[in-house]
Amino acid sequence: MTGEDDAAERKKEKTQAAVIPASPGVDRSMRALMESYIGRIPAEQRVASVRRAWQELWWRASRYLQKDDIMQMGDAFVYAAESHGAQLRHNDDPFIVHTLGAASALSDMQLDVQTLIAALLHDVIEDTDITPETLGAMFGSDVLTLVDGVTKLGRIPFKNVEEYQAENLRKMFLVMAKDIRVVLIKLADRLHNMLTITGHKREKQIAIATETLEIYAPLAHRLGIYHIKRELEDLSFKIIDPEMYYDIRRRVRKKLPESELVIKKGMEILRARLADEGVPSEILGRPKHYYSIYEKMNRKNLSLDQIYDLLALRVIVGTLAECYQVLGIVHTLWKPIPGQFDDYIANPKGNMYQSLHSTVVGPDGDPLEVQIRTRDMHRLAEYGIAAHWQYKEKKGKAGAMSDMDKKLAWVRQALEGQGDASEPSEFLDNLKTDVLTAEVFVFTPHGKVISVPNGSTPIDFAYAVHTEVGNKCVGAMVNGRIVPMDYSLQNGDIVRILTSPQGKPSRDWLKIAKANRTRNKIRSYFRQIDRAEREDKIERGEELLYREIQRRYPGEGRAIDSFTHVLSRVASDLGVTGVEDLLASIGNAHHSAQGIMARAEALIAKDSEAPQAFKQPVKPAGGADSAVVVEGADGVLVTLSLCCCPVPGDKIVGCVTQSRGITIHRHDCANLEKISDDRKVPVTWGSKKEVRYTARIKVEANDRIGVFADLGAGINQTDGLIVNIRGNVINGIRTRFVIELQVWDLEHLYRIIARINIIKGIIEITRG
């Protein structure tokens, strides 16, 4: 990079935030009002950089906002300036310059005043003492939601930078699924950070630029906001590989005069022809930005001299019909190059981009790319999802929001696809692969367009069509030919999935599938299979243990339930998680029923403080004097099922078994769906017994020191007996507990749940 180039680049950076010249026709009262807000901010912030940034935002917003809205924005400016006080940025500018810059970028997209206010305030919760409650009271819940969505999780401890980055992105996507404006603020925030990045140390510059290039520029692309995407890419490219950036820039500038002559000649010829045909249009020359040149050189292994579309013609017309009319005129003027035509109007990109692209042999025999679109398509190409938001706000049409919801369906799908991504690294990989990667557009045999991540296979396509299509897939045909399952789909492929009622996924597909959403669906299938196998093992273990109990205590009517407490201790001694896992280990022959009962009896013999109920035999049930009454039967052996742990007061259903009499399930137990109706019998709770029953609850809470102790204390205070408890931390911020406890009845259980529910940080409590 020469000193002259460097100086020119620095000059360009300084003019990025130049003041928009005031129009002579601007209302003087509005100018005076603008200046009045400068007078209200702290004295130390009344510097030239703040004044310039405020004037720029004011005049941009004045183009489309009403005076009342402008005044609300002014109040937010003053509040932000007072909140940040004497805080300075890394380049020694007052902090408010940054939030003004972010708001200005959003005003270019003509977003509503709440978004501009949120941009001005987006750092006050994170970097000042202002609380969310105070901010919400001052500016409303709408602004608070937006500010909270872009506020980093700064007060939560994280293991490493990757985890911090992943959880901030996860939070942003969750809010983004409800309100797209949060990500628009984040993109504007990142754009201004990149424009002012030079004050950071080199290592931090590279880290920020890399994150921008890997996440935020692709996100802008996914939302169709190309003007921000291009800027973010070029700014990041300049930081990450300055030598290559300045080399391409120098060579492009050297080559531009020649390309501009070709473009100018093409524009004159096409403009004259369109005028003759009576087609009103606007014709522009579109320069290719530096990073896209670099990408194309790498992707196609080309030198800069082999790239002919450094400039392209862009034709903007009024109607859809005129787009195709212009295309016909272009193809009569210049010969189209085979295979170099894309109709993104009939088949829009996933980010809503629409345009006709055709590369032709230009006036002097050089390739010339021509893009044709309507004015609405052009605005959508530049501002993407933001243009849809404006349409919703300005038109107020009922269908506008639902239309935008459809455009944002990929956000919700992306979040749903992260169900298994508990590790930050996995979440980031999923995000980059499924959400922020390039797309391939392929067709069903009926002509429906399906978009899948670049590099996807027929398996990804099958699951993108429907989960059951994927689960029953046995093969695929692409363009009429059978292809292997690891075939890489290409744009325009026509894909037919071959299915069979006997078809089922293979675990090998996890290595072939490209999309993480596909892999999650395959894993979900095998989890269901594994769950069914586990339930079979538990049922087999129950049967073996029941037989062993009957062998040891013939005629006494003992049931497994009478040993639940001690079986939990046996499980703990053996390093097994809970009674269910212990039964499963018996069912798959890892442990024998005889050995388990021997351990259980040894523990009972040693435990002098064990409740008497654990040492007394359980009498056969079924009669009116029993704990459970079976209609039309008496003296029948009854066992309370461990899968749902019913307690007196629950609605219950009995199920006839071959060797364990009748098992009692809660009426909402998932296992009842697998049991035929002819095995189900009506049962009710009988006379109340002074016996405790095992119940299971699942508790989700914010992870904090002392939550485990608070749970135990809460249960003990309400006369509950904890039999077994296990917990794990999710994403470093939440804890999930599964608690087995003994209660007298359902009312007692509800009292315990109510007591737990008032513990600080409890999010949800459900029955297990």
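Predicted model, so just to flag it, every value in this text is computed and none were measured.

### A closer look at the packing of helix H2 (residues 28-40) against helix H3 (residues 48-62)
Viewed as axis vectors pointing N to C, H2 and H3 meet at an angle of 140°, and their least axial separation amounts to 11 Å. The orientation of H2 relative to H3 falls into the category oblique. H2 and H3 meet at a crossing whose hand is right-handed. Where H2 approaches H3, its residues Met30, Arg31, Leu33, Met34, Glu35, Tyr37 and Ile38 are matched on the opposing element by Arg51, Trp54, Gln55, Trp58, Trp59 and Ser62.

### Considerations on the nonpolar core
Across soluble globular proteins, nonpolar side chains have a tendency to be buried as a group. Membership of the largest hydrophobic core comes to 71 residues, with the highest contact counts inside it found for Trp54, Trp58, Met73, Phe77, Leu100, Leu106 and Leu121. Beyond its immediate stretch of four places on either side in the chain, methionine 73 contacts Trp54, Leu57, Trp58, Ala61, Val113, Leu116, Ile117 and Leu120. Counting 30 residues, the second-largest nonpolar core is a separate cluster that includes Val628, Ile664, Leu746 and Ile759.

### Re empty space enclosed by the protein
Regions of empty space are outlined by a rolling probe, equal in size to a water molecule, passed over the atoms. Tallied over the entire structure, the rule returns two cavities of 30 Å³ or more. Here the largest cavity is characterised by a volume of approximately 40 Å³. What lines the largest cavity is simply Thr564, Val579, Glu580, Leu642, Cys645, Thr694, Arg696 and Glu740. Mapped by element, the contributors of at least two residues to the lining of the largest cavity are helix H27 (578-587) and strand E17 (693-702). Among the residues making up the lining of the largest cavity, the classes are represented as three nonpolar, two polar and three charged.

### Quick word on H27
For H27, the buried fraction is high: eight of the 10 residues fall into the buried class. For H27, the full list of buried residues reads Gly578, Val579, Glu580, Leu582, Leu583, Ala584, Ser585 and Ile586.

### Some thoughts on the sheet that holds E17
Here we have four strands laid out as an open sheet, ordered E18-E19-E17-E20, and antiparallel in their pairing. If you trace the sheet from one side to the other, it starts and ends with strand E18 (721-730) and strand E20 (762-767), each paired once. Sheet twist, expressed as the average angle between the axes of neighbouring strands with direction ignored, equals 20°. As paired strands, E17 and strand E19 (residues 734-743) are joined by 10 bridges and run antiparallel to one another. Considered in E19, the bridge of alanine 695 is made with leucine 741. Against the sheet, helix H26 (residues 564-573) makes contact with E17, E18 and E19, and its axis sits at roughly 45° relative to E18, the strand it touches most. Packed onto the sheet, helix H29 (residues 707-717) meets E17, E18, E19 and E20 and runs at close to 20° relative to E19.

### Some remarks on the sheet that holds strand E14 (residues 662-666)
Taking strand neighbours across the sheet as the criterion, the four strands line up as E12-E14-E13-E15 in an open arrangement whose pairing is mixed. This sheet does not close on itself; its edge strands, each paired only once, are strand E12 (638-640) and strand E15 (680-681). Two elements, strand E13 (residues 652-656) and E15, share two bridges in a ladder whose sense is antiparallel. Bridge pairing in E15 places cysteine 655 opposite lysine 680.

### Quick notes on the pairing of strand E4 (residues 356-361)
In terms of burial, E4 is largely enclosed, as five of its six residues are buried. Note that E4 and strand E5 (residues 367-374) share six bridges and pair antiparallel. Bridge assignment links valine 361 to a residue of E5, and that residue is proline 367. Here E4 hands over to E5 after five residues, with glycine 365 in that stretch at a positive phi of 85°.

### Things to note about the pattern of salt bridges
Counted by the stated rule, this structure contains 26 salt bridges. In this structure, arginine 534 engages glutamate 580 in a salt bridge whose closest nitrogen and oxygen atoms are separated by 3.3 Å. Pair noted here: arginine 534 is in helix H25 (residues 516-552) and glutamate 580 is in helix H27, with a separation of 46 residues, a long-range link. Judged by relative accessible area, which is 31%, arginine 534 ranks as partly exposed. Residue arginine 736 pairs with glutamate 700 through a salt bridge whose shortest N-O separation is 3.4 Å. Of this pair, arginine 736 sits in strand E19 while glutamate 700 is found in strand E17, placing the two residues 36 residues apart along the sequence. What makes arginine 736 partly exposed here is its relative accessible area of 40%.

### Here we look at the packing of aromatic side chains
All told, the structure shown has 16 aromatic pairs when counted by the stated rule. Centre to centre, the rings of tyrosine 79 and phenylalanine 139 are 5.2 Å apart; their planes meet at 70°, and the pair counts as edge-to-face. Of this pair, tyrosine 79 sits in helix H4 (residues 67-84) while phenylalanine 139 sits in helix H8 (residues 132-139), and the two are 60 residues apart along the sequence. Residues phenylalanine 708 and phenylalanine 737 carry aromatic rings whose centres are separated by 6.1 Å and whose planes lie at 45° to one another, so their mutual orientation is tilted. A residue pair is termed long-range when its members are at least 10 positions apart, and phenylalanine 708 in helix H29 and phenylalanine 737 in strand E19 qualify at 29 residues. Taken together through their ring pairs, the aromatic side chains of Phe237, Tyr245, Tyr246, Tyr290, Tyr291 and Tyr294 make up a single cluster.

### Considerations on the confidence of the model for the chain
Taken residue by residue, the chain gives an average pLDDT of 79. The fraction at 70 or more is 80%. In the predicted structure, residues 153-160 sits below a pLDDT of 50 and forms 11 contacts with residues beyond four places in sequence or in another chain. Confidence drops under pLDDT 50 across residues 391-405; counting only partners more than four residues distant or on other chains, this segment forms 15 contacts.

### Points about the packing of helix H11 (residues 181-195) against helix H12 (residues 202-222)
Running from N to C, H11 and H12 point in directions that differ by 145°, and their axes come no closer than 11 Å. The chirality of how H11 crosses H12 is left-handed. Note on element contacts: H12 touches H11 through Ile208, Ala209, Glu211, Thr212, Tyr216, Leu219 and Ala220, opposite Val183, Lys186, Leu187, Arg190 and Met194. Each residue belonging to the contact of H11 with H12 can be placed in one class, and the counts come to eight nonpolar, one polar and three charged.

### So, the side chain of glutamate 322
Mapped onto the secondary structure, glutamate 322 falls in helix H16 (residues 320-333). It turns out glutamate 322 is buried and unbridged, and the closest side chain with the opposite charge, arginine 375, is 5.9 Å from it. Beyond its immediate stretch of four places on either side in the chain, glutamate 322 contacts Val279, Pro280 and Val317.

The rules behind the values
- Residues numbered from 1 in each chain as written.
- Predicted model: local features only at pLDDT ≥ 70, side-chain atom pairs only at ≥ 80, totals over all residues.
- Heavy atoms only, no water.
- Axes fitted to C-alpha atoms, helices over the stretch in contact; angles between N-to-C directions.
- Helix = DSSP H or I, 4+ residues; strand = E, 2+ residues; numbered from the N terminus.
- Parallel < 35°, antiparallel > 145°, perpendicular 65-115°, else oblique.
- Left-handed = near helix turned anticlockwise from the far one by under 90°.
- Contact = heavy atoms within 4.5 Å.
- Core = buried A, V, L, I, M, F, W, Y, C linked by side-chain atoms within 4.5 Å.
- Buried < 20%, exposed > 50% of the residue type's maximum accessible area, 1.4 Å probe, protein only.
- 1 Å grid on protein atoms, 1.4 Å probe; cavity = no way out; pocket = protein on both sides within 12 Å on 5 of 7 lines; lining within 4 Å.
- Points joined across faces, edges and corners; volume = space filled by probe spheres on them.
- Nonpolar A, V, L, I, M, F, W, Y, C, P; charged D, E, K, R; others polar.
- Pairing = 2+ DSSP bridges.
- Salt bridge = Lys/Arg side-chain N within 4 Å of Asp/Glu carboxyl O.
- Phe/Tyr/Trp six-rings, centres within 6.5 Å; stacked < 30°, edge-to-face > 60°.
- pLDDT = per-residue confidence, 0-100.
- Lys, Arg positive; Asp, Glu negative; His and termini not counted.

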